[in-house]
Structure formats: C-alpha cells, structure tokens
Amino acid sequence: MANIIDGKLISMDIKNEVKEKAAKLKEKGIEPCLAVVLVGEDPASQVYVRNKKKACEYCGIKSLSYELSGDTTEEELLALIDELNNNKECNGILVQLPLPKHIDENKILLKILPEKDVDGFHPYNVGLLSIGKADLKACTPAGCIELIKRSGVDITGKNCVVVGRSNIVGKPVGMLLLSENGTVTTCHSKTNDIKFVCRQADIIVAAVGIPKFVKGDMVKEGVVVIDVGINRMENGKLCGDVDFEEVEKKASYITPVPGGVGPMTIAMLMNNCIVACCKQNNVVC
Ligand code: GUN
C-alpha cells in the first residue's frame with residue numbers, strides 16, 4: 001500500500017509560508033500585488049480565477065481583477081498588459097488561458113514582462129529554466145517537484161520518467177527533475193515500448209491527458225507517482241492519467257486526483273508572486 005501524497009496539506013503549508021513572507025514584506029512597506037486577467041465567460045476559467053483571487057486574499061497578496069468581455073480585441077488586451085507592465089504597484093500578471101480564438105495567445109504571453117510573468121510561460125523564463133537559473137518557474141511543474149521533495153524523496157540519481165511532452169508540464173517538469181539531478185526520460189505518443197520505459201522509473205510524472213493511461217503493469221514496485229492529469233469521466237467524477245487503484249498497490253508514494261497536484265498550482269503561483277515582488281524591490285525572501 002502506497003503513501004498517499006496529500007497535495008491539499010502540502011499546498012496549505014506553502015500558502016502559509018507565502019503568507020509569512022507577505023507579512024514581512026508589508027512590515028517593510030511593500031505590498032505584493034498580482035493582476036488577474038480573464039477574457040470571456042468560460043465557466044472553468046471563472047472558477048480558476050476566483051480561486052486564485054481567494055488564495056491572494058488568504059496569503060495577504062493584493063489582487064487587481066480585470067474581467068473583460070469575450071469580444072475584447074487583441075489590441076485592447078495588449079494595451080492592458082502594457083499598462084500593467086508599467087504599473088509599479090503590480091508585481092505579477094496572470095492572463096488566464098485559454099483565450100478566445102481571435103486572440104493570439106503567444107503574442108499575449110510574449111508581451112508580459114518576464115519579471116512579472118508569474119505563470120513562468122514567457123520564453124525568456126522557459127530559457128532560464130532550461131539552464132537551471134529560473135526565478136519564476138511554471139507553477140504546475142514546480143508543484144510536482146515540491147510534492148516529491150516534501151514527501152522526503154531525494155530525486156538525485158533516480159530514474160525519472162515523464163509521460164507527456166507539453167510545453168506547460170511535460171517539458172518543464174523534465175528540466176526541473178534534471179536540475180534536481182534526476183536521470184530524465186520523456187515519453188510521448190511516438191515512444192517505442194512505453195511500458196518498458198515506464199518500468200525503469202523510480203519516479204513517474206504522468207501528464208498525457210489520457211484517463212488512467214499508466215497501468216499497474218507499467219510500473220515497478222516502490223515507484224513514486226505524480227499524476228498531473230485531471231480528466232472528467234462519464235459518471236462526472238474526476239480521474240487522473242494514472243490508474244490509481246492498480247498503481248497504488250505497487251507504488252511507495254502516489255498523488256490522488258483530486259487533491260494531489262491540483263492544489264499545488266495555485267500555491268506555487270502565490271509563491272511566484274512573492275519571488276517577483278522581492279526581486280522587483282531588491283529584497284531577499
Ligand atoms: N489555464 C489552465 N491552467 C492555467 C495556468 O496555470 N495559468 C494560466 N494563466 N491559465 C491556465
């Protein structure tokens with residue numbers, strides 16, 4: 001029976017650490033501040049944005065909220081980002097994705113000043129991540145690393161297999177595992193004998209977006225499993241990219257879905273707001 005990694009608990013610990021840092025900054029007369037931008041009325045995005053603003057409130061980070069109509073033009077959104085880039089009060093800018101189809105997401109993400117890019121999506125920050133020098137790391141990948149480390153698992157020297165090669169999770173989590181001295185292999189839809197590769201893993205990070213893709217016979221005894229997937233099943237329940245019932249029998253540590261990686265993304269976003277704020281104000285945190 002595996003140890004279940006409690007993402008809710010670990011994310012609370014991180015938010016409490018952020019809260020303490022925010023309070024210390026306020027003692028110095030500095031108020032950390034995040035701008036949250038939502039375009040359109042996508043219900044899932046509305047929930048995410050609400051949760052991000054609630055987390056700001058909990059941590060003592062000021063949030064500036066911009067809820068724009070779905071017919072906002074690319075030029076209008078670029079102008080808002082320009083204004084926020086120049087706003088000294090604002091330390092971080094988060095543009096909730098996905099954006100409406102008529103807006104070029106890449107163009108928007110490139111416009112955000114790298115030092116205010118608390119999502120860690122700007123190519124400049126992705127580049128820093130790849131050379132192991134990023135201050136602002138993509139939130140979900142950074143959350144995966146925190147879950148592993150705070151469970152007492154040392155990544156050094158371990159065979160780490162990442163299933164999935166997306167720009168927002170697979171690739172950055174691979175680079176972070178490498179920075180932690182893991183031996184990293186990334187699998188994807190064209191990988192030959194994915195089962196063989198996964199069976200070599202001491203640590204598996206599953207981020208393919210296919211429900212229950214990682215089966216019990218694809219892992220070895222004692223594996224540490226981080227499941228980034230969030231898939232809605234026909235019965236309305238959520239499930240991950242890992243077949244939890246099967247894999248849990250062999251794993252030493254495993255994250256559940258929900259309650260594993262999910263809550264970590266917002267906690268790491270809050271942490272990035274503090275990192276950005278400290279950097280911009282030339283203080284250590
Ligand atoms: N949409 C889904 N996940 C994310 C995220 O981490 N950041 C942003 N900006 N949008 C998202």
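Just so you know, the residues in each chain are numbered from 1, in the order the chain's sequence is written. Selection of residues for local features in this predicted model requires a pLDDT of at least 70, selection of side-chain atom pairs for listing and counting requires 80 or more, and totals for whole chains, interfaces and linings are taken over all residues. With hydrogens and water excluded, all non-hydrogen atoms of the structure serve as input to the side-chain values.

(A) Molecular detail of the site of the ligand. To be near a molecule or strand, a residue needs just one of its heavy atoms within 4 Å of it. In the vicinity of the ligand, the contacting residues are K52, V95, Q96, L97, D119 and F121. Side-chain atoms alone can form a polar contact between residues adjacent in sequence; in general such a contact is a pair of N or O atoms within 3.5 Å, and within protein one must be able to donate a hydrogen while the other accepts it. Between the ligand and L97, the relevant distance is 2.8 Å, taken from a nitrogen atom to a main-chain nitrogen or oxygen of the residue. Note on areas: Shrake-Rupley, 1.4 Å probe, and residue coverage restricted to the protein chains presented here. When the ligand is considered free in solution it has 280 Å² of accessible area, and contact with the protein chains removes 76% of it. The residue makeup of the shell around the ligand, split by class, is 3 nonpolar, 1 polar and 2 charged. Following the grouping adopted for this structure description, the nonpolar residues are Ala, Val, Leu, Ile, Met, Phe, Trp, Tyr, Cys and Pro, the charged ones are Asp, Glu, Lys and Arg, and the polar ones are all others, Gly among them.

(B) Geometry of the nonpolar core. By nonpolar core we mean a set of buried residues, namely Ala, Val, Leu, Ile, Met, Phe, Trp, Tyr and Cys, connected to one another through side-chain atoms within 4.5 Å. For each residue, the accessible area found with a 1.4 Å probe, counting protein chains only, is set against the maximum for its type, and the residue is called buried under 20%, exposed over 50%, and partly exposed in between. The biggest cluster of nonpolar side chains holds 52 residues, and the ones touching the most others in it are L34, I61, L177, I226 and M270. Only DSSP runs of H or I covering at least 4 residues are called helices, and only runs of E covering at least 2 are called strands; the numbering of each starts at the N terminus. Sort the elements by how many residues they give to this core and helix α10 (residues 262-280) lands first, with 11 residues. Pairs of residues are marked as contacts when any of their non-hydrogen atoms sit within 4.5 Å. Discounting chain neighbours no more than four positions away, the residues touching I226 are I5, C144, L147, I148, I204, V205, A206, T255 and V261. Among the nonpolar cores identified, the runner-up in size contains 19 residues, and C187, V197, C198 and V225 belong to it.

(C) Structural view of the pattern of salt bridges. Any carboxyl oxygen of Asp or Glu that lies within 4 Å of a side-chain nitrogen of Lys or Arg is treated as forming a salt bridge with it. Counted by the stated rule, this structure contains 11 salt bridges. Between E74 and K107 there is a salt bridge; the shortest N-O distance is 2.8 Å. Here E74 is found in helix α3 (residues 74-86), whereas its partner K107 is found in helix α4 (residues 105-111), with 33 residues between them in sequence. With a shortest N-O distance of 2.8 Å, K220 and D202 are connected by a salt bridge. Residue K220 is located in the loop between β7 (203-206) and β8 (224-227), and its partner D202 is located in the loop between α8 (194-199) and β7; the two are separated by 18 residues in the primary sequence. Salt bridges sharing common partners tie together E17, E146 and R150.

(D) Structural detail: the packing of helix α5 (residues 123-130) against helix α7 (residues 170-179). As a packed pair, α5 and α7 sit with axes 9 Å apart at the nearest point and diverge in direction by 35 degrees. Contacts between α5 and α7 involve V126, L129 and S130 from the former and P172, M175, L176 and S179 from the latter. Tallied by class, residues from the contact of α5 with α7 come to 5 nonpolar, 2 polar and no charged. In this description, a line fitted to the C-alpha atoms serves as the axis of each element, helices being fitted only across the stretch in contact, and the angle between N-to-C directions of two axes falls anywhere from 0 to 180 degrees.

(E) Representation of the packing of aromatic side chains. Classification of ring pairs rests on two measures: the distance between centres of Phe, Tyr or Trp rings, Trp counted by its six-membered ring, which must be within 6.5 Å, and the angle between planes, read as stacked under 30 degrees, edge-to-face over 60 and tilted in between. In the structure shown here, the tally under the stated rule is 0 aromatic pairs. Think of it as a cone above the ring: NZ of Lys or CZ of Arg counts as a charge over the ring if it is within 6 Å of the ring centre and within 35 degrees of the ring normal. Across from the ring centre of Y58, 4.3 Å away, lies the NZ or CZ of K19, which sits over that ring.

(F) Just the side chain of N272, in detail. Topologically, N272 is positioned in helix α10. Separated by 2.8 Å, the side chain of N272 and the backbone oxygen of V118 make a polar contact. Apart from residues lying up to four places away in sequence, N272 is in contact with V118, D135, L136, K137 and C139.

(G) Expanded view of the side chain of K52. By the secondary structure assignment, K52 is in helix α2 (residues 43-59). Sequence-distant contacts of K52, that is, excluding residues within four places in its chain, are made with L94, Q96, I266, L269 and M270.

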